[in-house]
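Commentary on secondary and tertiary structure
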Amino acid sequence: MRIAEISTPELRQPNQETESNNHQNNSLHQHIISQLESFVKQTESVSVDQGIPENLLSHFRQTLIQLSQLAPFPNSLKLQLWKHSFRLWNACVDLSNTASIRSSSSSRESYAESIATLRNVAAEVLSLARDVIGVPSADIKAALFYHRTGLAWNDLKKYDLASTCFEKATDLVSKLDIGQISDMGEKKLLFDLNLARARTAWELSDRNLAITLLNRSKGLLFGLPNHFKSLGNQFLAFGKSVLSVNENNGVNEAMRLMNEALDLCEKGLGVARARDDMAELKGLRSKALRFISAVHLQKEEYESVIKCVKVLRDGGGGCGDGGDQHASLPVLAMKAWLGLGRFSEAEKELRSMVVNKDIPEGVWVSAVEAYFQAVGTAGAETAKGVFLGLLGRCHVSAKAAVRVAHRVLGDSNGEGSRIRAKVVAELASDKRVVALFAGETVAKERKAMHAVLWNCASDHFRSKDYETSAEMFEKSMLYTPCDIENRMLRAKGFRVLCLCYLALSQLDRAQEYINEAEKIEPNIACAFLKFKIYLQKRDHHGAISQIEAMTTCLDFSPDFLSLSAHEAIASHALSVAVASLSNLLNFHISGKPMPVTEVVVLRTLVTILTQEPNNEPEIQKFMKQAQTRASKLGPDCFFGGGEVGRREKNWFAVTSWNYGTKCGKEKKYELCAEFFKLASEFYGFMADGQDAENRVMACKSLILSVSAKVALGNEKKTALADVEVKQAIESLDRAGKILTAISAGTRLFDNKIATIEPNLLFMYTFNAYDLHGRLANSGSQQDLVKSFASSKACNPDYLLQIGLAACQGPRSNFEVAAFALNECLSFFLSSSSPDYLNIALIIRKLIVVAGIHKGDTDDDAVHSMYKKAYRIMVGLKEGEYPIEEGKWLAMTAWNRAAVPVRLGLIDSAKKWMSVGLELASKVSGMDTYKACMEDHIACFDKKFITDHGAERRI
């Protein structure tokens, strides 16, 4: 505003100057005055839209410097300076008023700074002309210019410039006699100038000076209530500022300043007479007391807080007769009672806030937080009750509900977390609370409440408190709108609720939630959770069907099949695990990149199947698949390279061998044959030129596979088809090649092979002999047996088995039988301790073979076998040769004489009777038979001598 109260003095005609004045100085003065007037006119014509030219400010500064150098001035010149100073000031007032209306906020600060600079020029010019003759209180008016300019700099936060202005103003009025001042405006200027200077010193962090200036202001009160109130306010403001910084000893300094404010209020009330002045001072006193109470609370002087609150409520500090009812008093009292440990009084204060509608929302929310923080879980119900009681108040907001819920929950993992969560769940599900979050205006708060409940539920879920977690997740759904934008969030909520009830084994409820989630957002997560529900319900058929459904999801990943297999194994649902991994194999076959190698999947499948009995056909199927894939892709590609690949190959080979052995023992010959054939393939993958052991195992597996096929035919009593026989022979040929490779170029069966596997050659020979016999290839049979007999791996037991097999059955080979039995007999007879039981058996078989094969055409061959048996028996102890076999030899040899006797072949009859008698003489227990034989021979000789003449000499 214009300084209307300071009138410009009329320009008087200057007295005749002394002739000693320099004419040149007068001309210079007039020139500067003309320049100043020109610049003032320019300022008066400045438009707000154009702004104040920078060169104009520069001109003013230069002119001010020139004026300072030419001082002092004659009185006439001072009057002109006075006039131009006021014109410039009033122009600044006009510009400032116009700028506040029209200028934008972005340009207002720079414009205000230019105006403040012009004000400063006006104050400086007026200061130069302040001692003009005829103007009353010139120093006061100049000080007023400096004061108001300082206030302008203060508003711009240019505290250094403001301080300079206030100091110059103080210098101008410092010589005044305060006791002689009667003008109210001058009194106010002196007081305001001191306060303004104190505030500026405070902003410049010169606290000591600021407090000193406030204390000086006590001498400028002039008994005016407004001055008491302003100074008290300033002391209180400084106290609040100190309190907010939290410095060391700051609380004590704040308390001292606030006590100064309180003292000024008390003194002001002593001089105030007007009702308004008294009300304002009482209000300030109440404010000071409240802050003093807050300081006591900060210093944990709880008794002092209670006393302050009591004084305020009793009317000692309030404005009305009913005492002070400020919103902070219940909070202060409640915190003090909490500090004293008197929770019942604190709860009364908290509940009293419900009926006090003047208490702002932030205050009672803060009170609820403080109460709950002090009381803990025990105060959860009280906090909930207070909040629900406050819902009837019109200013309760969704933001407050979020704050209360967050405070009551606190640390979800701490002690009493379930109780706090239950209280918040009841609070959040109250219809009145839910209604606070309706509408788009509180969308941010609704998201915040959802986050508070969701995070609490997540914490309880991680700590495996699924019941509390489910309840909190359900309450969070109340704050998820049913719109398109929040569709995914709702689906996520239903899914986590499904997980909670899965953990609680409430499967029907879990299924309800996942069905709802699938309606909103069908995806692989929903499909997998349904799979888990089927597993827990033991509905294996449903779980397997759900695996198929999972593969049709748009966001399906093969990882879910692996995960499903793990879940199924954990639930002991092995059939489901097999189905899951079988589906996973289909993706491997299709050539898609997979996180798990195909060999691992197959190995896992076989391992799972081994957990239950009678799964050999399935195991064989997957082992066959592994062999097929390894053959197609290459062993290193399928099994892997290096040590890892070697272990994988070995696992499949050993597993096939073990199951082949198991099935053989259980007489499951068809599966046995297949397993051993697979074992040969897997051992073949492992074998190389230096690995004789694996080659031996591959060879042995082939031989055992053929043995199982032969045993299968024998068990079913059906002959193998020619194709099967040829395939078996091919397998044995492969075994023979392996043996050849192991022997490293030596003979097929040498010491090395015999050392590695003594019975390997026998198994090969025996099976090959049998299969070649099925194709009527007797030549190959003889070669095989002769080759075996000539090897160092041969022993009489093996030859005996071959001989016995060759002399019986529909495909007997008497040449092979005779060869094998004779070779075997030679082995036994050459032994240091012959096995006469087997020798007797061999002799009997040779006699039978010779009898069948030779017939009557070669009677001498059969006779020689009997004689050979006699020679063996000669010299043996009684009973050393099997008695029954000896009797059989003696009786059969004697009986062979019957036919020649009937035919009249005397020599032949005599030959067989003699052999029979010789053998009988070596067998114990045949004395009676021997006597009868001798009598019969005597009769035979007598008869033939009588009939044919004298006996011939021998």
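Residues numbered from 1 in each chain as written. Predicted model: local features only at pLDDT ≥ 70, side-chain atom pairs only at ≥ 80, totals over all residues. Heavy atoms only, no water.

**Some thoughts on the nonpolar core**
Counting 134 residues, the largest nonpolar core has Phe-682, Ile-843, Tyr-866, Leu-889 and Leu-919 as its most contacted members. Broken down by element, the residue count for this core peaks at 11 residues, all from helix H32 (residues 669-686). For Ile-843, the residues in contact, after removing those within four places along its chain, are Leu-825, Ala-869, Ile-872, Tyr-881 and Leu-889. If you look at the next biggest cluster of nonpolar residues, it comprises 105 residues, including Phe-235, Val-242, Leu-312 and Leu-502. (Core = buried A, V, L, I, M, F, W, Y, C linked by side-chain atoms within 4.5 Å. Buried < 20%, exposed > 50% of the residue type's maximum accessible area, 1.4 Å probe, protein only. Helix = DSSP H or I, 4+ residues; strand = E, 2+ residues; numbered from the N terminus. Contact = heavy atoms within 4.5 Å.)

**Describing the packing of aromatic side chains**
We describe a pair of aromatic rings using the distance from one ring centre to the other and the angle between the two ring planes. Throughout the structure, instances matching the rule amount to 27 aromatic pairs. On the basis of an interplanar angle of 85° and a centroid distance of 5.0 Å, the ring pair of Phe-437 and Tyr-479 is categorised as edge-to-face. With a gap of 42 residues between them, Phe-437 in the loop between helix H19 (431-436) and helix H20 (443-462) and Tyr-479 in the loop between helix H21 (466-477) and helix H22 (487-503) connect regions that are remote in the sequence. The same class applies to Phe-437 as to Tyr-479, namely buried. Among the aromatic residues, those joined into a ring-pair cluster are Phe-638, Phe-639, Trp-651, Phe-652, Phe-682 and Phe-685. Between Lys-786 and the ring centre of Phe-819, over which it is positioned, the NZ or CZ distance is 5.9 Å. One residue, Arg-896, lies across the ring of Trp-912, its end atom 5.5 Å from the ring centre. (Phe/Tyr/Trp six-rings, centres within 6.5 Å; stacked < 30°, edge-to-face > 60°. Lys NZ or Arg CZ within 6 Å of the ring centre and 35° of its normal.)

**Quick look at unusual backbone geometry**
Phi angles above zero are rare outside glycine, and Lys-464 is one such case at about 65°. Unlike most non-glycine residues, Asn-614 shows phi in positive territory, near 60°. Topologically, Asn-614 is positioned in the loop between helix H28 (598-609) and helix H29 (616-633). Owing to a relative accessible area of 60%, Asn-614 belongs among the exposed residues under this scheme.

**A word on empty space enclosed by the protein**
Enumeration over the complete set of coordinates arrives at 1 cavity of 30 Å³ or more. As a volume, the largest cavity reaches approximately 40 Å³. Every residue along the wall of the largest cavity is listed here: Lys-677, Leu-702, Ser-705, Val-706, Lys-709 and Ser-731. A total of 4 residues in the lining of the largest cavity trace back to one element, the largest contributor, which is helix H33 (residues 692-716). Tallied by class, the residues present in the lining of the largest cavity amount to 2 nonpolar, 2 polar and 2 charged. (1 Å grid on protein atoms, 1.4 Å probe; cavity = no way out; pocket = protein on both sides within 12 Å on 5 of 7 lines; lining within 4 Å. Points joined across faces, edges and corners; volume = space filled by probe spheres on them. Nonpolar A, V, L, I, M, F, W, Y, C, P; charged D, E, K, R; others polar.)

**Points about the pattern of salt bridges**
Per the counting criterion, the structure on display carries 40 salt bridges. Glu-598 serves as the salt-bridge partner of Arg-629, at 2.8 Å between the closest nitrogen and oxygen. With Arg-629 in helix H29 and Glu-598 in helix H28, this pair connects stretches of sequence that are 31 residues apart. Residue classification places Arg-629 among the buried residues on the basis of a relative accessible area of 11%. Ionic pairing is found between Lys-910 and Asp-941, a salt bridge with its closest N-O pair at 2.9 Å. Remark: Asp-941 occurs in helix H45 (residues 927-948) and Lys-910 occurs in helix H44 (residues 906-921); sequence separation between them is 31 residues. Each of Glu-37, Lys-41, Glu-44 and Arg-87 takes part in a single network of salt bridges with overlapping partners. (Salt bridge = Lys/Arg side-chain N within 4 Å of Asp/Glu carboxyl O.)

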